[in-house]
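Next come the chains, spelled out residue by residue.
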Amino acid sequence: MVIKSQPWSPDSWQRKTAQQQPNYPDRIKLDAAIAQLASLPPLVTSFEIELLRQQLAEAARGERFLLQGGDCSENFSDCESDAISSKLKILLQMSLVIVQGGKKRVIRIGRFAGQYAKPRSSDMETRNGVTLPSYRGDMINGMEFTPESRIPDPELLLRGYEHAGLTLNFIRALIDGGFADLHHPELWRLGFVHNSPLMNEYTRMVDSIGESLRFMETLTGGSLGDSSRVDFFTSHEGLHLLYEQAHTRRVPRRTGWYNLTTHLPWIGNRTRALDGAHIEYFRGIENPIGVKIDAATPPGEVCELCSVLNPDNIPGKLTFIMRFGAKHIAAALPPIADAVIKSGAKVLWCSDPMHGNTETTASGIKTRRFDNVLNELEHAFSILSDAGTHLGGVHFELTGDDVTECIGGASGITEADLSRDYRTQVDPRLNYEQSLEMALLLSRLMARK
Ligand code: PEP
Ligand code: CO
């Protein structure tokens, strides 16, 4: 067991067992790539990281709500203007709906600008008698089933850093240029959405926010300036520990070590072993962090995660991203919530209603049902409220595109529709309309209290 008094350094995780790491055949090339990464400038700053931690502390107190979303896995080929702006648009629209319906300020965190490494159930994949390393994300190897493409290539770590930087640069420029200004929600319309029934409800909300803004500005005699602009933060699964370590730095006038590749790294469900390398790495960084937990996580282990990862009980530091599944949440969450509340640990409860609700159709397509996702969310709200606390955030796999990967929702996507525009290579995502509908239903759940 790791304890606070044990010394920590950005590489102390290397003395533990690190799961889900690629096997690089060329160690010299790997060392050179890591050394170069370590010399490149950071992608985010400690000021932004501290701001996010404060906002997450407010969410843990019930004063804000976290909306985290994006692709299961980003691809380098999606690093282009339309794909990035569509993702921003849907997250902005969803957050506007949550602000309006839920009456809470929203923290927006994208699963983007670095979500390039994926855990896999097996190290190797066999097709037609040929066995090759599994695809582990664009930052590690190629998707194409050839030896050249599947052998992990350290150069891809540099390409990952660059693509994260390009993505973030565009997002920052859009936001600075007024894209996220609440006065101009028309900029967030997506071209292919014409007569969706959801649009009427959404348009009413936009109009009412516009009216409130104009009212406030009349009252204060000027523009609301910064208060009408919104922030975006980034997050990714902190899976590839050499990559994370290379960006773990000290900054002037602050103590401790910051992971400057993203604002909020999270620990995946497969890599949260208490004695494992990921926990060792994460316990030493200053960033707010997320940890996935599932229905098999014993309540005592959840409490140990709190004491190892946040020994000083700093508000906003620790977010549990719960992915139980609609079938399991009613049995799994109450004892976990009770144990954490009893321990006095300060945490933010965030529901990931996607990863426990993945299923495979008879024809072998990986999908999720809108109703199961919603059902898990409803349970998360009511169970936590019965336990005397509250759900403070949600975590979705979604896209601003018009894909057909999840079943259900008002637009009525059926199992037979899935093959029409199924694009993901990893997990199925809510499409644009399903995401907006989910936000509308979520804001009703929030308003119910
Ligand atoms: C993910 O978020 O894409 C993921 C792999 O989730 P989990 O760690 O919960 O399985
Ligand atoms: Co996923």
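Per chain, the residues get numbers from 1 upward, laid out in the order the sequence is written. Labels are handed out in written order, letters beginning with A for the chains and numbers beginning with 1 for the ligands. At least 70 in pLDDT is required for a residue's local features to be given in this predicted model, at least 80 for side-chain atom pairs to be given and counted, and no such filter applies to totals for whole chains, interfaces and linings, which use all residues. Hydrogens and water molecules were not included; the side-chain quantities draw on all heavy atoms of the structure.

1. With respect to the overall build of the chain
Where helices and strands are cited, they refer to DSSP runs of H or I of at least four residues and of E of at least two residues respectively, numbered from the N terminus. Helix and strand content of the chain: 12 helices and 14 strands. Considering only C-alpha atoms, the chain reaches an extent of 60 × 50 × 45 Å along its principal axes. Looking at the 449 residues of the chain, the share that counts as buried comes to 57%. Computed with the Shrake-Rupley method and a 1.4 Å probe, the accessible areas treat only the protein chains shown as cover for residues. With an accessible surface of roughly 18,300 Å², the chain has 50% of that area assigned to carbon and sulfur atoms. Note that His is not counted, nor are the chain ends; the positive residues are Lys and Arg, and the negative ones are Asp and Glu. By convention, the point assigned to a charge is CZ for Arg, NZ for Lys, CD for Glu and CG for Asp. Charged side chains of the chain number 48 positive and 55 negative; the gap between the two group centres comes to 4 Å. Exposed residues in this analysis have more than 50% of their type's maximum accessible area, buried residues have under 20%, and partly exposed residues fall in between, with area computed by a 1.4 Å probe over protein chains only.

2. Considering the sheet that holds strand β9 (residues 289–293)
Paired strands, in this sense, are two strands between which DSSP finds at least two bridges. One closed barrel holds the 8 strands; their spatial order is β1-β2-β5-β8-β9-β10-β11-β14, and the pairing between them is parallel. Pairs of neighbouring strands in the sheet enclose a mean axial angle of 25 degrees, with direction left out of account. Here strand β1 (residues 64–70) pairs with strand β14 (residues 393–397) via 5 bridges, running parallel. Note that in β14 the partner of Leu66 across the bridge is Gly393. Here a residue-residue contact requires only that any non-hydrogen atoms of the pair lie within 4.5 Å. Every axis corresponds to a line fitted to the C-alpha atoms, with the helix fit spanning only the stretch in contact, and the corresponding angles, defined between N-to-C directions, vary from 0 to 180 degrees. Each of β9, β10 (318–322) and β11 (348–351) touches helix α10 (residues 329–343); the most contacted strand, β11, lies at about 165 degrees to it.

3. As for the pairing of strand β2 (residues 105–110)
Across the 6 residues that make up β2, a large majority, 5, are buried. Two elements, β1 and β2, share 6 bridges in a ladder whose sense is parallel. Bridge assignment links Leu66 to a residue of β2, and that residue is Ile107. You can see the chain leave β1, run along helix α3 (residues 81–102) and come back into β2, and the turn it takes is right-handed. Direction of pairing for β2 relative to strand β5 (residues 233–237): parallel, over a ladder of 2 bridges. Of the residues in β5, the one forming a bridge with Ile109 is Phe233. Here the term right-handed applies to a crossover when the path leading from its first strand over the helix to its second strand runs clockwise, the strands being oriented away from the viewer.

4. Some details on the site of ligand 1
Near ligand 1, the surroundings consist of Cys72, Arg111, Lys118, Pro119, Glu237, Trp266, Gly268, Asn269, Lys292, Arg323, His355 and Glu397. Under this definition, polar contacts are N or O atom pairs within 3.5 Å; protein pairs additionally need one hydrogen-donor-capable and one acceptor-capable atom, and for neighbouring residues in sequence, both atoms have to be side-chain atoms. Within the side chain of Arg111, a nitrogen or oxygen atom sits 2.9 Å from an oxygen atom of ligand 1. At a separation of 2.7 Å, an oxygen atom of ligand 1 approaches a polar side-chain atom of Lys118. For ligand 1, the accessible surface in isolation is 290 Å², of which the surrounding protein chains cover 95%. Looking at the shell around ligand 1, its residues break down into 3 nonpolar, 3 polar and 6 charged. Nearness is judged by heavy atoms alone; a residue qualifies as near a molecule or strand once a single heavy atom is within 4 Å of it. Gly is placed with the polar residues, together with every amino acid not listed as nonpolar (Ala, Val, Leu, Ile, Met, Phe, Trp, Tyr, Cys and Pro) or charged (Asp, Glu, Lys and Arg).

5. Quick look at helix α2 (residues 46–60)
Take the residue count of a helix, subtract one, and multiply by 1.5 Å to get its expected span. For α2, spanning 15 residues, the distance from its first C-alpha to its last is 21 Å, which sits close to the expected 21 Å at 1.5 Å a residue. Looking at α2, one finds that the buried residues are Ser46, Glu48, Ile49, Glu50, Leu52, Arg53, Gln55, Leu56, Ala57, Glu58 and Ala59. Downstream of α2 by a residue or two, Gly62 has a phi angle that is positive, lying close to 90 degrees.

6. Notes on the nonpolar core
Only buried residues count toward a nonpolar core, which is a set of Ala, Val, Leu, Ile, Met, Phe, Trp, Tyr and Cys residues joined through side-chain atoms within 4.5 Å. Counting 109 residues, the largest nonpolar core has Leu309, Phe320, Leu333, Trp349, Leu391 and Phe396 as its most contacted members. Counting 10 residues, the second-largest nonpolar core is a separate cluster that includes Leu56, Ala59, Ile109 and Cys350.

7. Focus: the pattern of salt bridges
Here, a salt bridge means any side-chain nitrogen of Lys or Arg that lies within 4 Å of a carboxyl oxygen of Asp or Glu. This model, assessed by the stated rule, comprises 27 salt bridges. Salt-bridge contacts for Asp153 lead to Lys29; the nearest nitrogen and oxygen are separated by 3.3 Å. In this pair, Asp153 sits in the loop between α4 (147–150) and α5 (155–176) while Lys29 sits in helix α1 (residues 27–39), placing the two residues 124 residues apart along the sequence. Given the relative accessible area of 36%, Lys29 is considered partly exposed. Close ionic contact of Arg61 with Glu63 constitutes a salt bridge, the shortest N to O distance being 3.1 Å. Note on Arg61: relative accessible area 52%, which makes it exposed. Taking the relative accessible area as the measure of exposure, Glu63 reaches 39% and is therefore partly exposed.

8. Concerning the side chain of Glu50
Position of Glu50 among the secondary structure elements: in helix α2. At 2.8 Å, the side chain of Glu50 and the side chain of Arg53 are in polar contact. Discounting residues that sit within four places of it in the chain, Glu50 has contacts with Arg254 and Tyr258.

9. Topic: the packing of α1 against α5
Closest axis-to-axis distance for the α1/α5 pair is 8 Å, and the angle between their directions is 20 degrees. Put simply, α1 runs roughly parallel to α5. Contacts from Lys29, Leu30, Ala33, Ile34, Gln36 and Leu37 of α1 reach α5 at Glu155, Leu157, Leu158 and Tyr161. Grouping the amino acids of the contact of α1 with α5 by side-chain chemistry returns 7 nonpolar, 1 polar and 2 charged. If an angle is under 35 degrees, it is roughly parallel; if it is over 145, roughly antiparallel; if it lies from 65 to 115, roughly perpendicular; otherwise it is oblique.

10. Overview of the side chain of Arg272
With respect to the helices, strands and loops of the structure, Arg272 is situated in the loop between β8 (264–267) and α8 (277–282). Polar contacts involving the side chain of Arg272 include one to the side chain of Asp294, which spans 3.1 Å. Other than its neighbours up to four places away in sequence, Arg272 contacts Ile267, Ile279, Val291, Lys292, Ile293, Asp294, Thr297, Glu301 and Leu305.

11. Some points on the environment of Gly160
Examined against the element boundaries, Gly160 turns out to sit in helix α5. Taking the relative accessible area as the measure of exposure, Gly160 reaches 0% and is therefore buried. Dropping the residues within four chain positions of it, Gly160 is found in contact with Phe76, Tyr116, Met139 and Tyr243.

12. Overview of the packing of aromatic side chains
Working definition: a ring pair exists when centres of Phe, Tyr or Trp rings (six-membered ring for Trp) sit within 6.5 Å. Plane angles under 30 degrees give stacked, over 60 give edge-to-face, the rest tilted. Counted under the stated rule, the structure contains 7 aromatic pairs. Between the aromatic rings of Trp8 and Tyr281, the centroid separation amounts to 6.4 Å while the plane-to-plane angle is 45 degrees, which identifies the pairing as tilted. Here Trp8, found in the segment before α1, pairs with Tyr281, found in helix α8; they are 273 residues apart in sequence, far enough to count as distant. Summarising the burial analysis for this pair, Trp8 and Tyr281 share the class buried. Centre to centre, the rings of Tyr281 and Phe282 are 5.5 Å apart; their planes meet at 90 degrees, and the pair counts as edge-to-face. One exposure class covers both Tyr281 and Phe282, and it is buried.

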